[in-house]
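Tertiary structure, described
Chain residues, written in single-letter form:
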Amino acid sequence: MNMMGYTNSSLDIKIASFGLVFLLLSVSFGTLFAEATSFVLKNQKIDYEIEGGTVSDIVIDSNFIELIAYIDSTNDGILQISFPRALLDAKFNDVDDIFFVIVDGFQTEYIEITKDASSRTLIIPFFNGDTQIEIIGTSVLEESLPEFISEPEIEIPTWIKNNAGWWADDLIGDSDFVSGIQYLITEKIMTIPTTQAGSSSSEEIPTWIKNNAGWWADDLIGDSDFVSGIQYLITEGIMRV
(Lines give C-alpha, C1' and ligand atoms only; values in the text may rest on other atoms or scores of the structure.)
Protein backbone atom coordinates (compact mmCIF):
# COMPACT_ATOMS: atom_id res chain seq x y z
CA MET A 1 0.00 0.00 0.00
CA ASN A 2 1.57 3.28 -1.09
CA MET A 3 1.45 5.88 1.65
CA MET A 4 1.47 8.81 -0.74
CA GLY A 5 -1.22 7.48 -3.06
CA TYR A 6 1.00 7.47 -6.15
CA THR A 7 -0.94 7.43 -9.44
CA ASN A 8 -0.05 7.22 -13.11
CA SER A 9 -3.07 9.30 -14.21
CA SER A 10 -2.25 11.49 -17.19
CA LEU A 11 -4.01 14.37 -15.43
CA ASP A 12 -1.63 14.18 -12.49
CA ILE A 13 1.71 13.39 -14.10
CA LYS A 14 3.54 16.13 -15.95
CA ILE A 15 6.37 14.16 -17.43
CA ALA A 16 5.94 13.24 -21.11
CA SER A 17 7.05 9.90 -22.51
CA PHE A 18 10.16 11.36 -24.10
CA GLY A 19 11.21 12.77 -20.75
CA LEU A 20 11.00 9.39 -19.07
CA VAL A 21 13.02 7.81 -21.87
CA PHE A 22 15.66 10.50 -21.45
CA LEU A 23 15.72 9.77 -17.72
CA LEU A 24 16.14 6.04 -18.21
CA LEU A 25 18.94 6.56 -20.73
CA SER A 26 20.72 8.88 -18.32
CA VAL A 27 20.59 6.30 -15.55
CA SER A 28 21.68 3.47 -17.85
CA PHE A 29 24.62 5.13 -19.54
CA GLY A 30 25.66 7.76 -17.04
CA THR A 31 25.12 11.48 -17.50
CA LEU A 32 27.78 14.12 -17.04
CA PHE A 33 26.03 16.60 -14.79
CA ALA A 34 26.75 20.30 -15.12
CA GLU A 35 26.86 20.85 -11.36
CA ALA A 36 27.64 18.50 -8.48
CA THR A 37 27.76 19.84 -4.95
CA SER A 38 26.39 19.59 -1.40
CA PHE A 39 23.95 21.60 0.70
CA VAL A 40 23.69 21.59 4.50
CA LEU A 41 20.21 21.88 5.96
CA LYS A 42 19.35 21.41 9.65
CA ASN A 43 22.91 20.11 10.12
CA GLN A 44 22.15 17.40 7.55
CA LYS A 45 24.16 17.08 4.33
CA ILE A 46 22.27 16.90 1.03
CA ASP A 47 24.26 15.86 -2.04
CA TYR A 48 22.96 16.73 -5.48
CA GLU A 49 23.91 16.84 -9.14
CA ILE A 50 21.97 18.75 -11.75
CA GLU A 51 21.97 18.92 -15.54
CA GLY A 52 20.02 21.62 -17.34
CA GLY A 53 20.15 24.26 -14.63
CA THR A 54 21.34 25.17 -11.15
CA VAL A 55 19.95 24.81 -7.63
CA SER A 56 19.37 28.17 -5.95
CA ASP A 57 18.10 26.92 -2.58
CA ILE A 58 16.89 23.85 -0.68
CA VAL A 59 14.46 24.11 2.22
CA ILE A 60 12.35 21.87 4.46
CA ASP A 61 8.64 22.64 4.80
CA SER A 62 7.62 20.82 7.96
CA ASN A 63 3.95 21.74 7.54
CA PHE A 64 3.62 19.40 4.59
CA ILE A 65 6.54 17.04 5.34
CA GLU A 66 8.45 17.97 2.22
CA LEU A 67 11.86 18.93 0.90
CA ILE A 68 11.77 21.74 -1.68
CA ALA A 69 14.55 22.41 -4.19
CA TYR A 70 14.38 25.76 -5.96
CA ILE A 71 16.04 25.58 -9.38
CA ASP A 72 16.98 27.92 -12.21
CA SER A 73 16.41 25.71 -15.24
CA THR A 74 17.99 26.60 -18.57
CA ASN A 75 16.96 23.44 -20.42
CA ASP A 76 15.11 20.18 -19.93
CA GLY A 77 17.16 18.39 -17.32
CA ILE A 78 17.57 16.09 -14.36
CA LEU A 79 18.14 16.61 -10.64
CA GLN A 80 19.87 13.79 -8.78
CA ILE A 81 19.45 14.37 -5.06
CA SER A 82 20.57 12.32 -2.06
CA PHE A 83 19.27 13.21 1.39
CA PRO A 84 19.49 11.61 4.85
CA ARG A 85 16.53 9.61 6.09
CA ALA A 86 16.81 11.62 9.31
CA LEU A 87 15.91 14.74 7.32
CA LEU A 88 13.11 13.29 5.16
CA ASP A 89 11.81 9.78 4.64
CA ALA A 90 8.78 7.94 3.30
CA LYS A 91 7.57 4.83 5.11
CA PHE A 92 4.34 2.91 5.62
CA ASN A 93 4.13 0.39 8.45
CA ASP A 94 7.92 0.70 8.88
CA VAL A 95 8.50 -0.32 5.24
CA ASP A 96 10.05 2.03 2.66
CA ASP A 97 7.38 3.74 0.57
CA ILE A 98 7.54 6.02 -2.46
CA PHE A 99 7.75 9.80 -2.26
CA PHE A 100 5.20 12.12 -3.82
CA VAL A 101 7.17 14.39 -6.21
CA ILE A 102 5.73 17.62 -7.63
CA VAL A 103 7.53 19.77 -10.20
CA ASP A 104 6.02 23.24 -10.63
CA GLY A 105 2.62 22.02 -9.42
CA PHE A 106 2.46 18.75 -11.37
CA GLN A 107 2.93 15.25 -10.00
CA THR A 108 6.02 13.82 -11.68
CA GLU A 109 7.56 10.38 -12.08
CA TYR A 110 11.05 9.78 -10.73
CA ILE A 111 13.52 6.95 -10.19
CA GLU A 112 15.05 5.99 -6.85
CA ILE A 113 18.51 4.75 -7.80
CA THR A 114 19.98 3.94 -4.38
CA LYS A 115 18.96 3.68 -0.75
CA ASP A 116 20.63 2.41 2.38
CA ALA A 117 20.09 2.59 6.12
CA SER A 118 20.94 6.30 6.28
CA SER A 119 19.96 7.94 2.97
CA ARG A 120 17.89 7.76 -0.23
CA THR A 121 18.81 9.01 -3.71
CA LEU A 122 16.28 10.11 -6.35
CA ILE A 123 16.60 11.22 -9.96
CA ILE A 124 13.88 13.70 -10.93
CA PRO A 125 13.34 15.12 -14.45
CA PHE A 126 12.25 18.71 -15.07
CA PHE A 127 11.45 20.91 -18.05
CA ASN A 128 13.02 24.16 -19.18
CA GLY A 129 11.37 26.93 -17.17
CA ASP A 130 10.55 24.84 -14.10
CA THR A 131 11.53 26.50 -10.82
CA GLN A 132 10.45 24.26 -7.93
CA ILE A 133 10.74 20.57 -7.08
CA GLU A 134 8.83 19.28 -4.06
CA ILE A 135 9.58 15.87 -2.50
CA ILE A 136 6.83 14.90 -0.06
CA GLY A 137 7.44 12.12 2.45
CA THR A 138 5.91 10.85 5.69
CA SER A 139 8.43 12.12 8.26
CA VAL A 140 10.83 15.04 8.66
CA LEU A 141 13.58 15.90 11.11
CA GLU A 142 11.87 16.09 14.50
CA GLU A 143 13.46 19.38 15.56
CA SER A 144 12.12 21.09 12.44
CA LEU A 145 8.47 20.31 13.21
CA PRO A 146 6.49 23.51 13.80
CA GLU A 147 4.90 24.10 17.16
CA PHE A 148 1.49 24.88 15.68
CA ILE A 149 0.93 21.32 14.51
CA SER A 150 0.77 20.03 18.10
CA GLU A 151 -2.30 17.97 19.01
CA PRO A 152 -3.68 20.32 21.75
CA GLU A 153 -4.43 22.96 19.09
CA ILE A 154 -6.49 20.51 17.03
CA GLU A 155 -10.10 19.71 17.81
CA ILE A 156 -12.00 17.42 15.45
CA PRO A 157 -15.39 15.90 16.36
CA THR A 158 -15.25 12.13 15.89
CA TRP A 159 -18.25 12.07 13.54
CA ILE A 160 -16.22 14.00 10.93
CA LYS A 161 -14.33 10.76 10.32
CA ASN A 162 -17.49 9.40 8.70
CA ASN A 163 -17.39 12.19 6.11
CA ALA A 164 -13.68 11.60 5.51
CA GLY A 165 -14.30 7.88 5.01
CA TRP A 166 -17.18 8.50 2.60
CA TRP A 167 -15.02 10.91 0.60
CA ALA A 168 -12.13 8.46 0.44
CA ASP A 169 -14.58 5.79 -0.80
CA ASP A 170 -15.96 8.19 -3.46
CA LEU A 171 -19.41 8.24 -1.84
CA ILE A 172 -19.30 12.05 -1.76
CA GLY A 173 -17.52 14.39 -4.15
CA ASP A 174 -14.52 16.67 -3.64
CA SER A 175 -16.66 19.81 -3.53
CA ASP A 176 -19.02 18.31 -0.93
CA PHE A 177 -16.11 17.34 1.30
CA VAL A 178 -14.34 20.70 0.96
CA SER A 179 -17.51 22.75 1.53
CA GLY A 180 -18.32 20.63 4.58
CA ILE A 181 -14.87 21.17 6.11
CA GLN A 182 -15.07 24.90 5.29
CA TYR A 183 -18.36 25.15 7.16
CA LEU A 184 -17.06 23.23 10.17
CA ILE A 185 -13.97 25.45 10.46
CA THR A 186 -15.89 28.70 9.90
CA GLU A 187 -18.49 27.76 12.52
CA LYS A 188 -15.69 26.70 14.90
CA ILE A 189 -17.09 23.17 15.12
CA MET A 190 -13.69 21.93 13.94
CA THR A 191 -10.56 23.68 15.21
CA ILE A 192 -7.21 23.54 13.43
CA PRO A 193 -4.00 25.56 13.90
CA THR A 194 -3.92 29.01 12.33
CA THR A 195 -2.95 28.60 8.69
CA GLN A 196 -2.04 31.33 6.21
CA ALA A 197 -4.39 31.30 3.23
CA GLY A 198 -3.02 31.32 -0.29
CA SER A 199 -4.47 31.80 -3.75
CA SER A 200 -4.52 29.35 -6.62
CA SER A 201 -6.38 28.90 -9.89
CA SER A 202 -6.37 25.12 -9.38
CA GLU A 203 -9.24 23.27 -7.71
CA GLU A 204 -7.65 19.84 -8.01
CA ILE A 205 -7.07 18.04 -4.71
CA PRO A 206 -3.86 15.94 -4.60
CA THR A 207 -4.44 12.21 -4.29
CA TRP A 208 -2.36 11.92 -1.12
CA ILE A 209 -4.78 14.16 0.79
CA LYS A 210 -7.73 11.92 -0.09
CA ASN A 211 -5.73 8.85 0.89
CA ASN A 212 -4.81 10.50 4.19
CA ALA A 213 -8.51 11.14 4.87
CA GLY A 214 -9.30 7.46 4.35
CA TRP A 215 -6.45 6.29 6.57
CA TRP A 216 -7.48 8.80 9.25
CA ALA A 217 -11.07 7.53 9.11
CA ASP A 218 -9.69 4.02 9.66
CA ASP A 219 -7.49 5.22 12.57
CA LEU A 220 -4.27 4.37 10.69
CA ILE A 221 -2.87 7.91 11.07
CA GLY A 222 -3.36 10.65 13.69
CA ASP A 223 -5.35 13.90 13.68
CA SER A 224 -2.27 16.01 12.86
CA ASP A 225 -1.65 14.00 9.67
CA PHE A 226 -5.23 14.58 8.54
CA VAL A 227 -5.05 18.28 9.45
CA SER A 228 -1.82 18.71 7.47
CA GLY A 229 -3.85 17.88 4.36
CA ILE A 230 -6.51 20.44 5.27
CA GLN A 231 -3.78 23.03 5.87
CA TYR A 232 -2.29 22.25 2.46
CA LEU A 233 -5.68 22.93 0.80
CA ILE A 234 -5.89 26.27 2.62
CA THR A 235 -2.35 27.44 1.84
CA GLU A 236 -2.77 26.46 -1.81
CA GLY A 237 -6.03 28.39 -2.05
CA ILE A 238 -8.08 25.29 -2.91
CA MET A 239 -10.06 25.72 0.32
CA ARG A 240 -10.95 29.16 1.69
CA VAL A 241 -11.94 29.75 5.33
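Preceding block: the structure.
This one's a predicted model, so the numbers in the text were calculated from it and none came from an experiment.

Rules used throughout
- Here the residue numbers are simple positions, counted from 1 along each chain's written sequence.
- Given that the model is predicted, a residue must reach a pLDDT of at least 70 before its local features are reported, and side-chain atom pairs must reach 80 or more before they are shown or counted; all residues, however, enter totals for whole chains, interfaces and linings.
- Side-chain calculation: all heavy atoms of the structure are included, whereas hydrogens and water are not.
- Working definition: helices are DSSP H or I runs of at least four residues, strands are E runs of at least two. Numbering for both runs from the N terminus.
- Throughout, exposure labels follow a simple rule: accessible area from a 1.4 Å probe, protein chains only, divided by the maximum for the residue type, with under 20% read as buried, over 50% as exposed, and the rest as partly exposed.
- The contact definition used throughout considers only heavy atoms, calling two residues in contact when any of these lie within 4.5 Å.
- Each accessible area is a Shrake-Rupley estimate made with a 1.4 Å probe; only the visible protein chains count as cover when residues are assessed.
- Under the pairing criterion, centres of Phe, Tyr and Trp rings, with the six-membered ring standing for Trp, must be within 6.5 Å; the plane angle then separates stacked pairs below 30 degrees from edge-to-face pairs above 60, leaving the rest tilted.
- A pairing counts as a salt bridge when a side-chain nitrogen of Lys or Arg comes within 4 Å of a carboxyl oxygen of Asp or Glu.
- Polar contact is the term for a pair of N or O atoms within 3.5 Å; when the atoms are in protein, one must be able to donate a hydrogen and the other to accept it, and sequence-neighboring residues count only if both atoms are side-chain atoms.
- Patch building starts from residues that exceed 30% relative accessible area and form no salt bridge, then joins like charges within 9 Å and nonpolar side chains (Val, Leu, Ile, Met, Phe, Trp, Tyr) within 5 Å.
- Strand pairing is assigned whenever DSSP identifies at least 2 bridges connecting the two strands.
- Each axis is a line fitted through C-alpha atoms, and for a helix only the stretch in contact is used; angles between axes span 0 to 180 degrees, taken between their N-to-C directions.
- Angle categories are assigned with fixed cut-offs, so that under 35 degrees is roughly parallel, over 145 is roughly antiparallel, 65 to 115 is roughly perpendicular, and the rest are oblique.
- Crossing chirality is assigned from the near helix's rotation relative to the far helix, an anticlockwise turn below a right angle marking it left-handed and a clockwise turn marking it right-handed.

Another point: the overall build of the protein. Helix and strand counts for the protein stand at 5 helices and 12 strands. By the burial criterion, 47% of the 241 residues in the protein qualify as buried. Summarising the internal contacts of the protein: among those between residues at least 6 apart in sequence, 70% fall at separations of at least 24. Total accessible area computed for the protein in this model is approximately 11900 Å², and 50% of it derives from carbon and sulfur atoms.

The next thing to look at is the packing of aromatic side chains. Under the criterion given, the structure shown has 6 aromatic pairs. Measuring from centroid to centroid gives 5.1 Å for Phe 64 and Tyr 232, while their planes differ by 90°, and the two rings are edge-to-face. With Phe 64 in the loop between strand E2 (44-61) and strand E3 (66-84) and Tyr 232 in helix H5 (residues 223-235), this residue pair connects regions lying 168 residues apart in the sequence. Here Phe 64 matches Tyr 232 in class, with each residue buried.

On to helix H4 (residues 207-217). In an α-helix, one full turn covers 3.6 residues, which means residues spaced three or four apart are oriented alike. Of all the 11 residues making up H4, 8 are buried; the element is thus mostly covered by neighbouring parts of the structure. When we look at burial in H4, the residues that qualify are Trp 208, Ile 209, Asn 212, Ala 213, Gly 214, Trp 215, Trp 216 and Ala 217. The secondary structure elements touched by the buried residues of H4 are strand E7 (100-103), strand E11 (132-136), helix H2 (160-168) and H5. Backbone geometry just downstream of H4 places Asp 219 in the positive-phi region, at approximately 60°.

The next subject is the pattern of salt bridges. Across all of its chains, the model carries 9 salt bridges by this definition. Here Asp 96 ties to Arg 85 by a salt bridge, and the two come within 2.9 Å at their closest N and O atoms. In this pair, Asp 96 sits in strand E6 (residues 95-96) while Arg 85 sits in the loop between E3 and strand E4 (88-89), placing the two residues 11 residues apart along the sequence. When its relative accessible area of 25% is taken as the criterion, Asp 96 is described as partly exposed. Among the residues examined, Arg 85 registers a relative accessible area of 13% and is labelled buried.

Here the focus is the side chain of Ser 73. Inspection of the secondary structure assignment puts Ser 73 in strand E3. By relative accessible area, Ser 73 is classed as buried at 15%. For Ser 73, the side chain forms a polar contact with the main-chain nitrogen of Gly 129, separated by 2.7 Å. Of the polar contacts made by the side chain of Ser 73, one reaches the backbone oxygen of Asp 130; its length is 2.8 Å. Leaving out residues up to four positions away in the same chain, Ser 73 has contacts with Gly 52, Gly 53, Phe 126, Phe 127, Asn 128, Gly 129 and Asp 130.

This brings us to a nonpolar patch on the surface. A contiguous nonpolar patch, built from Trp 159, Tyr 183 and Ile 189 and spanning about 320 Å² of accessible area, is present on the exposed surface. Mapping Trp 159 onto the fold places it in the loop between strand E12 (139-140) and H2. We classify Trp 159 as partly exposed; its relative accessible area is 44%.

Looking now at the pairing of strand E9 (residues 111-115). As a general feature of sheets, a regular strand has side chains that alternate between the two faces. For E9 and strand E10 (residues 119-126), the ladder comprises 4 bridges, and the chain directions are antiparallel. Within E10, the position partnered with Glu 112 by the bridge is Leu 122. With antiparallel pairing between neighbouring strands as the criterion, E9 and E10 make up a hairpin whose turn holds 3 residues.

Right, let's talk about the packing of H4 against H5 for a bit. Orientation of H4 relative to H5, taken along the N-to-C sense of each, is 150°, at an axis distance of 9 Å. Considered as vectors, H4 and H5 are oriented roughly antiparallel to each other. Two packed elements cross with a definite hand, and for H4 against H5 that hand is left-handed. The residues of H5 that touch H4, namely those facing Trp 208, Ile 209, Asn 212, Ala 213 and Trp 216, are Asp 223, Asp 225, Phe 226, Gly 229, Tyr 232 and Leu 233.

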